Amino acid sequence: MDKNSSNSNVIEKPGKDEPALQIVNIHKSFKHNSILKGLNITLGRGENLVVLGKSGTGKSVTIKCIVGLIIPDEGNITVLGKNILRLKDKELNELRKKIGFLFQSAALYDSMTVRENLNFPLRTNKSLSEDEKEELVREALENVGLLDAIDKMPSELSGGMRKRVGLARTLILKPQIMLYDEPTNGLDPITSKEIGNLINDVKEKYHTSSIIITHDIACAKIIADRIIVLKDGVCLTEGTYEELENSDNLEVRAYFE
Amino acid sequence: MDLAKNKRPSPQEESEPLFPSLYNFFSAITALTLFTGRYFKSVLLPPFEFNELVRQSFLIGYKSFPLVGITGFIMGLVLTIQSRPTLAEFGAESWLPAMVAVSIIREIGPVITALICAGKVGSGIGAELASMRVTEQIDAMEVSGINPFKYIVVTRILACTLMLPILVVFSDVIALLGSFLAVNINGDVTFTLYFSQVIDSLAFSDVFPAFVKTFFFGFAIGLIGCFKGYYTDKGTEGVGLAANSAVVLSSLLIFIMDMIAVQITDLLY
């Protein structure tokens, strides 16, 4: 897709103030494999945006670009009013503290207990006393219903518990934006539903704006304010769950069957 | 763009080279040089991860004492038993403590201890970091605003650099004790006499260069282990590859550094 046509993919969220996040015309290639070809996404404040798409369409690459783990070849990414590609290291690290990222594998630190995992993002915060940090850890674990697991090692936790602890760890910094990379991947339908409800609770309690990458359409139904479908590195379509479920496009409808 | 300088060199983003092997070799050398430069820059700038440095020093140093001690003891014992017949043939059996001491302090102690640590510590670091990379733990640190290079890499390299000299000194002492035991299998030498002969036989030029080179050996083990683990990119297969290549490369580097150290010592003393 050329750049002109890709600009037509800009997704506006009317009725909102400044968007929490804006991706404009980003391109990313690995060797000769072009993954993102001018993708545009706008995330409104307080919105849950679900991203659907086949494997290899660039969903994970997109959210890794948002936090600066992958640098796009072209385009701009504005997060909370700041272009992340122009930030210095220190500024970027400060901005990252306002973005929560739940990894597909939860990415808990194997050598640390649950308490130490949650304490880890707080370690550079000199304004908090040890007691206050402990209080925050307990609060975050309580919010995901896992206070009992505070002294356990990650290897002692089930898949669902790991995801919850991973979520608690990202919430401890009280982020304004949450990025979920397949939060229900590998979980049973009941646990998936619980995680879906938890994502909604996080939105209510922390007033976060979220991008959720998932293949789990049942989960998408619970959490999505808006859904976009990616294909070949660009946005194929967007709309609410109901709009896409009744889409004329067979490719889009296939996700809902 | 500031983000760009934080990123690992990605061979995937390059076009096809004319001579792939040569290209890969020079790419690896360039990446290792940049990695080393980043280490020296990071080690001098705050924040300093002191608690993690102490923890790594405990894991790398203290936990290696038993293995290093046992190998050191056997090294001293075997060297003495093997050398005795040859020295006895020339009627120089009384030189045994001096010969063993010089061999162990100057060469065998530092090199064998470094190789043992390359196997134990280097492979451990390589596998641990590679596993952290594969399971996105390093990415998780980065997105939570913590500099993973400082926390993971700098502390491990520094701990290796500081702990290896201590392990070598420990190994040398245990090896000399093993040698003392071996001397007493076929003879009767007092502890005082044996160690006074050992000390008399050693000069500053034997001890100091041998001690200094152990810092470099430790640095090489930490650096290669971290480099291989930090930049692994082949999933779980990459974990094994990182551990394996960390041992092979750091062992090779130890021999090369030893050769250079011997040449420099020879020129200076």
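Conventions we followed
Residues numbered from 1 in each chain as written. Chains lettered and ligands numbered in written order. Predicted model: local features only at pLDDT ≥ 70, side-chain atom pairs only at ≥ 80, totals over all residues. Heavy atoms only, no water. Helix = DSSP H or I, 4+ residues; strand = E, 2+ residues; numbered from the N terminus. Rg over C-alpha atoms; globule rule 2.2 N^0.38 Å. Buried < 20%, exposed > 50% of the residue type's maximum accessible area, 1.4 Å probe, protein only. Contact = heavy atoms within 4.5 Å. Lys, Arg positive; Asp, Glu negative; His and termini not counted. Charge placed at Lys NZ, Arg CZ, Asp CG, Glu CD. Patch = residues over 30% accessible without salt bridge, like charges linked within 9 Å, V, L, I, M, F, W, Y side chains within 5 Å. Areas by Shrake-Rupley, 256 points an atom, 1.4 Å probe, with all protein chains shown as cover. Salt bridge = Lys/Arg side-chain N within 4 Å of Asp/Glu carboxyl O. Axes fitted to C-alpha atoms, helices over the stretch in contact; angles between N-to-C directions. Parallel < 35°, antiparallel > 145°, perpendicular 65-115°, else oblique. Left-handed = near helix turned anticlockwise from the far one by under 90°. Nonpolar A, V, L, I, M, F, W, Y, C, P; charged D, E, K, R; others polar. Buried area = accessible area lost by both parts, 1.4 Å probe. Polar contact = N/O pair within 3.5 Å; in protein donor to acceptor, adjacent residues only side chain to side chain. Pairing = 2+ DSSP bridges. Bend = angle between axes of the 7 residues up to and from the residue.

Trainee: Lay out the overall build of chain A in plain terms, naming residues and giving numbers.
Mentor: Check the secondary structure of chain A and you find 10 helices and 10 strands. The C-alpha radius of gyration of chain A comes to 18 Å, within 12% of the 18 Å expected for a compact globule of 257 residues. In terms of overall dimensions, chain A has C-alpha extents of about 55 × 45 × 40 Å along its principal axes. Buried residues in chain A amount to 54% of all 257 residues. Put simply, of all contacts in chain A between residues at least 6 apart along the chain, 66% involve residues at least 24 apart. For chain A, the distance from the average site of its 35 positive side-chain charges to the average site of its 38 negative ones is 5 Å.

Trainee: With reference to specific residues and values, describe a negative patch on the surface.
Mentor: Residue and element names in this part refer to chain A. A surface patch of like charges, here negative, comprises Asp131, Glu132, Glu135, Glu139 and Glu142. You can see glutamate 142 is positioned in helix H5 (residues 130-143). Here glutamate 142 falls in the exposed class, since its relative accessible area comes to 54%.

Trainee: Requested: an account of the pattern of salt bridges, with residues and values cited.
Mentor: In a structure, side chains of opposite charge can pair up when their charged atoms sit close to one another. This model, assessed by the stated rule, comprises 23 salt bridges over all chains. We note a salt bridge from glutamate 134 of chain A to arginine 138 of chain A, for which the minimum N-O separation is 3.1 Å. Residue glutamate 134 of chain A and its partner arginine 138 of chain A are located together in helix H5, separated by 4 residues, close to a single helical turn. In this structure, lysine 213 of chain B engages glutamate 107 of chain B in a salt bridge whose closest nitrogen and oxygen atoms are separated by 3.3 Å. With lysine 213 of chain B in helix H8 (residues 204-230) and glutamate 107 of chain B in helix H4 (residues 96-134), the pair connects residues that are 106 residues apart, well separated along the chain. For glutamate 107 of chain B, a relative accessible area of 28% puts it in the partly exposed group. The network of salt bridges with shared partners includes Arg115, Glu134, Arg138 and Asp151 of chain A.

Trainee: Kindly report on a nonpolar patch on the surface, identifying the contributing residues and their values.
Mentor: Residue and element names in this part refer to chain B. A cluster of nonpolar side chains, namely Phe204, Phe208, Leu249, Leu252, Ile256, Met259, Ile260, Ile264, Leu267, Leu268 and Tyr269, defines an oily patch on the protein surface of about 1,200 Å² accessible area. Those elements that place two or more of their residues in the nonpolar patch are H8 and helix H9 (235-268). At 8 residues, H9 tops the list of elements feeding residues into the nonpolar patch.

Trainee: Please set out the packing of helix H6 (residues 148-186) of chain B against helix H7 (residues 191-201) of chain B residue by residue, giving values where relevant.
Mentor: All names here are of chain B. The interhelical angle for the contact between H6 and H7, taken along N-to-C directions, is 125 degrees, at an axis separation of 11 Å. In terms of orientation, H6 lies oblique with respect to H7. By crossing handedness, the relation of H6 to H7 is classed as right-handed. Of H7, the residues touching H6 (which contributes Leu176, Leu177, Ser179, Phe180 and Val183) are Phe191, Tyr194, Phe195 and Val198. Considering only residue class, the contact of H6 with H7 consists of 8 nonpolar, 1 polar and no charged.

Trainee: Provide a residue-level description of the interface of chain A and chain B, including the pertinent values.
Mentor: Residue-level contacts link 35 residues of chain A with 25 residues of chain B. For the pair chain A and chain B, the two sides together bury roughly 2,700 Å², of which 55% comes from carbon and sulfur. Connecting chain A to chain B are 3 salt bridges. For the salt bridge of arginine 123 of chain A with glutamate 49 of chain B, the shortest nitrogen-to-oxygen distance reads 2.5 Å. Where chain A touches chain B, the interface holds 7 residue pairs in polar contact (both at pLDDT 80 or more). Listing elements by their share of the side of chain A that touches chain B, those giving two or more residues are strand S1 (21-30), helix H3 (89-96) and strand S6 (99-102) of chain A. Of the residues forming the side of chain A that touches chain B, the biggest block, 4 residues, is contributed by H3 of chain A. Tallied by class, the residues present in the side of chain A that touches chain B amount to 18 nonpolar, 7 polar and 10 charged.

Trainee: So what's going on with the sheet that holds strand S3 (residues 48-53) of chain A? Residues and values would help.
Mentor: Residues and elements named next belong to chain A. Spatial strand order, S6-S7-S8-S3-S9-S10: 6 strands in an open sheet with mixed pairing. For this open sheet the edge positions go to S6 and strand S10 (234-239), each flanked by a neighbour on one side alone. The average undirected angle you get between the axes of adjacent strands in this sheet is 20 degrees. When S3 meets strand S8 (residues 209-213), the two strands line up parallel, connected through 4 bridges. Bridge pairing links valine 50 to isoleucine 212 in S8. In the packing of helix H6 (residues 159-171) onto the sheet, contacts are made with S6 and strand S7 (177-181), and the angle to S6 comes to roughly 170 degrees.

Trainee: I'd like to hear about unusual backbone geometry, residue by residue, with values.
Mentor: Here proline 46 of chain B and proline 47 of chain B are connected by a cis peptide whose omega angle stands at 0 degrees. Tracing the backbone shows proline 47 of chain B in the loop between helix H1 (20-44) and helix H2 (50-60). At histidine 207 of chain A, a position not held by glycine, the phi torsion is positive, near 55 degrees. Positive phi, close to 50 degrees, is recorded for aspartate 232 of chain A, a residue that is not glycine. The topology assignment puts aspartate 232 of chain A in the loop between strand S9 (226-231) and S10.

Trainee: Describe in detail H4 of chain B, supporting the description with residues and values.
Mentor: Taken as a whole, H4 of chain B carries its principal kink of about 55 degrees at isoleucine 104 of chain B. At the exit of H4 of chain B stands glutamate 136 of chain B, carrying a positive phi of roughly 65 degrees.

Trainee: Describe the side chain of aspartate 172 of chain B, naming the residues involved and giving the relevant values.
Mentor: Examined against the element boundaries, aspartate 172 of chain B turns out to sit in helix H6. Ignoring anything within four residues of it in the chain, the contact list for aspartate 172 of chain B reads Ile104, Ile105, Gly109 and Pro110 of chain B.

Trainee: I'd like to hear about the pairing of S1 of chain A, residue by residue, with values.
Mentor: Residue and element names in this part refer to chain A. For S1 and strand S2 (residues 33-43), the ladder comprises 8 bridges, and the chain directions are antiparallel. When the sheet's bridge partners are listed, lysine 28 is paired in S2 with leucine 36. Here S1 folds back onto S2 in antiparallel fashion, the turn holding 2 residues, of which lysine 31 has a positive phi close to 55 degrees. The sheet contact formed by S1 and strand S4 (residues 74-79) spans 5 bridges and is antiparallel. Opposite histidine 27, over in S4, you have glutamate 74 as the bridge partner.

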